[in-house]
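# Structural features, examined
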Amino acid sequence: MSALPYYGVFLFHVCIVLGYILGGAWNFLTPLVIFILVPILDVLFGRDSRNYAAEEYEELEHRMSFRLVTVLYAALQLGFVVWGAYAIGVQPKAMQWWEMLGLALSIGIVNGNGINFAHELLHKPTKFEQFCGKALLMSVSYMHFYIEHVRGHHVRVATPEDPASARRGETFYAFFPRTLWGSWKSAWELESSRLSKRNIPFFHWRNQMLWFTVLPMLCGALLVLAFGWIALAFFVIQSYVAIQELEMINYVEHYGLSRKKLPNGRYENPTPAHSWEAREALTNTLLIKLQRHADHHVNPIRRYQSLRVFDESPQMPTGYPGMMILSLFPPLFFRIMHPILDEHERKISVEAT
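A short tour of the structure in this document, coming up. (Residues numbered from 1 in each chain as written. Predicted model: local features only at pLDDT ≥ 70, side-chain atom pairs only at ≥ 80, totals over all residues. Heavy atoms only, no water.)

## Looking at the overall build of the protein chain
Counted only if it meets this: Under the DSSP-based scheme used, a helix requires at least four consecutive residues in state H or I and a strand at least two consecutive residues in state E, with every element numbered from the N terminus. Restricting the calculation to C-alpha atoms gives the radius of gyration, and the globule rule supplies 2.2 Å times the number of residues raised to the power 0.38. For every residue, the accessible area obtained with a 1.4 Å probe (protein chains only) is divided by the maximum for its type, and the residue is called buried under 20%, exposed over 50%, and partly exposed between those limits. By definition, residues are in contact when any of their heavy atoms lie within 4.5 Å. Each accessible area is a Shrake-Rupley estimate made with a 1.4 Å probe; only the visible protein chains count as cover when residues are assessed. In this tally, Lys and Arg are treated as positive and Asp and Glu as negative; His is ignored, and so are the chain termini. Where a charge lies is defined by one atom per residue type, namely NZ (Lys), CZ (Arg), CG (Asp) and CD (Glu).
Across its full length, the protein chain holds 14 helices and zero strands. Listed N to C, the secondary structure of the protein chain is α-α-α-α-α-α-α-α-α-α-α-α-α-α in terms of helices and strands. Relative to the 2.2 N^0.38 estimate, which gives 20 Å for 353 residues, the radius of gyration of the protein chain is 20 Å and therefore close to what a compact globule would have. Across its three principal axes, the protein chain shows a C-alpha extent of roughly 70 × 55 × 45 Å. The burial tally for the protein chain puts 55% of its 353 residues in the buried class. Long-range pairs, those at least 24 residues apart, make up 71% of the contacts in the protein chain between residues at least 6 apart in sequence. Carbon and sulfur atoms form 68% of the exposed surface of the protein chain, whose accessible area is close to 16,100 Å². Of the charged side chains in the protein chain, 31 are positive and 29 negative, and the gap between their average positions amounts to 6 Å.

What follows is the structure, given as structure tokens:
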């Protein structure tokens with residue numbers, strides 16, 4: 001398998017630049033491509049259900065060409081945040097407010113995919129990859145995701161204790177504020193517990209949450225100093241858009257799925273049955289196989305190019321861009337998803353007996 005198709009994700013950055021050069025309504029080109037064109041192309045490209053042999057996985061895991069995609073994305077995202085602030089703040093070219101909004105929206109949407117790349121990097125063992133992942137999160141003001149996702153979500157996934165697992169019948173509009181507050185609160189609690197076990201005081205340079213709070217603020221302040229106050233508005237808007245995109249993905253990834261509570265008070269181990277999959281070939285390439293989410297929870301350190309599909313996982317009706325749009329219309333979302341969820345639960349019940 002070649003890594004070349006995965007470099008196609010950088011075409012989204014090309015769309016941003018092209019929209020800016022053309023000006024006017026073209027600044028909204030990127031969201032139109034991602035949320036209208038890509039779902040259509042998903043249907044045309046079809047689904048990919050291939051799993052590789054064990055020896056092929058071993059070889060894939062060590063290919064540097066796949067790792068380079070994620071590192072390049074980190075560098076490019078940081079560059080686009082600075083360029084976007086410059087374009088809106090001090091570029092000689094006059095822009096109407098709605099053109100600025102279109103540019104901020106476009107960069108925010110692409111940076112939302114950047115959180116996906118951060119997600120890939122933060123699970124890896126090398127310090128450099130983790131640094132790149134944290135830099136991506138800093139650029140969208142969501143650094144606590146590093147703590148909550150790795151030490152919180154992966155432990156509590158598909159349980160009522162997990163703020164990032166949507167409950168059956170819960171709309172995205174109810175889930176979004178709940179997960180924002182719950183994830184942030186959980187990250188502070190997890191970090192406080194870590195410090196306490198090491199006898200480290202709360203106000204200490206080793207408190208990661210203090211750094212994760214200050215660094216995005218420092219990033220925003222530097223943009224203000226360089227490009228003026230309007231750059232701060234851009235930074236906040238693109239951060240919000242990226243965060244909402246991430247949480248829309250979180251919403252659909254485990255929607256309505258739950259792990260059984262055992263007699264000892266603990267939950268059953270996570271299995272592929274506790275994550276939704278989407279096998280659309282195009283979006284799995286553009287999202288570095290995030291849609292093969294079940295295998296990620298089974299094998300968190302497995303690199304994206306090696307992720308497998310599981311027959312035990314419930315299947316989404318479309319890829320993530322289409323699902324994100326669908327999540328904005330709760331009655332339609334429930335009407336489509338609940339029959340699939342019911343069939344999945346019936347299948348699990350039959351297998352258990």
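## Here's the deal with empty space enclosed by the protein
Test applied: Lining residues are defined by having an atom within 4 Å of a point belonging to a cavity or pocket. Those points lie on a 1 Å grid over the protein atoms alone, cavities being sets where a 1.4 Å probe fits but cannot get out and pockets being open sets with protein on both sides within 12 Å along at least five of seven lines. Grid points are joined across faces, edges and corners, and a volume is the space filled by probe spheres set on the points. Note that Gly is not counted as nonpolar here; it falls among the polar residues with everything else outside the nonpolar set of Ala, Val, Leu, Ile, Met, Phe, Trp, Tyr, Cys and Pro and the charged set of Asp, Glu, Lys and Arg.
Summed over the entire model, instances satisfying the criterion amount to four cavities of 30 Å³ or more. Quantified by volume, the largest cavity comes out at close to 110 Å³. In this structure, the largest cavity is lined by 13 residues; those nearest its centre are Phe 12, Ile 34, Glu 245, Leu 287 and Pro 321. Its residues placed into classes, the lining of the largest cavity shows ten nonpolar, two polar and one charged. For the second largest cavity, the full set of lining residues is Gly 112, Ile 115, Asn 116, His 119, Phe 145, His 149, Leu 246, Ile 249, Asn 250, Glu 253, Leu 290 and His 293. At the level of secondary structure, the elements contributing two or more residues to the lining of the second largest cavity comprise helix H5 (97–122), helix H7 (145–156) and helix H10 (229–253). Per-class residue counts for the lining of the second largest cavity are five nonpolar, six polar and one charged.

## With respect to the environment of Asn 207
What counts, and what does not: We define a polar contact as two N or O atoms separated by no more than 3.5 Å, with the added condition that, inside protein, one atom must be a possible hydrogen donor and the other a possible acceptor, whereas residues neighbouring each other in sequence contribute only through side-chain atom pairs.
Looking at the secondary structure, you find Asn 207 in the loop between helix H8 (172–197) and helix H9 (208–227). Here Asn 207 falls in the buried class, since its relative accessible area comes to 1%. Separated by 28 residues in the primary sequence, Asn 207 and Thr 179 place their C-alpha atoms 22 Å from one another. Ignoring sequence-local partners within four residues, the contact set of Asn 207 consists of Trp 188, Glu 191, Leu 195 and Phe 202. At 3.0 Å, the side chain of Asn 207 and the backbone nitrogen of Met 209 are in polar contact.

## As for a nonpolar patch on the surface
To be explicit about the condition: Two distance rules govern patches: like charges are joined within 9 Å, and nonpolar side chains (Val, Leu, Ile, Met, Phe, Trp, Tyr) within 5 Å, applied only to residues with over 30% relative accessible area and no salt bridge. Salt bridges are counted wherever a side-chain nitrogen of Lys or Arg sits within 4 Å of a carboxyl oxygen of Asp or Glu.
Residues Leu 32, Ile 36, Ile 40, Leu 44 and Phe 45 make up a contiguous nonpolar surface patch of roughly 540 Å² in combined accessible area. With respect to the helices and strands, Ile 40 occurs in helix H2 (residues 29–45).

## What to know about the side chain of Arg 303
Within the secondary structure, Arg 303 sits in the loop between helix H12 (293–298) and helix H13 (320–327). For Arg 303, a relative accessible area of 7% corresponds to the buried category. Setting aside chain neighbours within four positions, we find Arg 303 in contact with Glu 61, Arg 67, Glu 120, Lys 124, Pro 125 and Glu 129.

## Considerations on the state of the cysteines
Just so we agree on the cut-off: Cysteine sulfur atoms are paired as a disulfide whenever they fall within 2.5 Å.
For the coordinates displayed, the defined rule picks out zero disulfides. Counting only cysteine sulfurs, Cys 219 is the nearest neighbor of Cys 132, a cysteine outside any disulfide, at a range of 15 Å.

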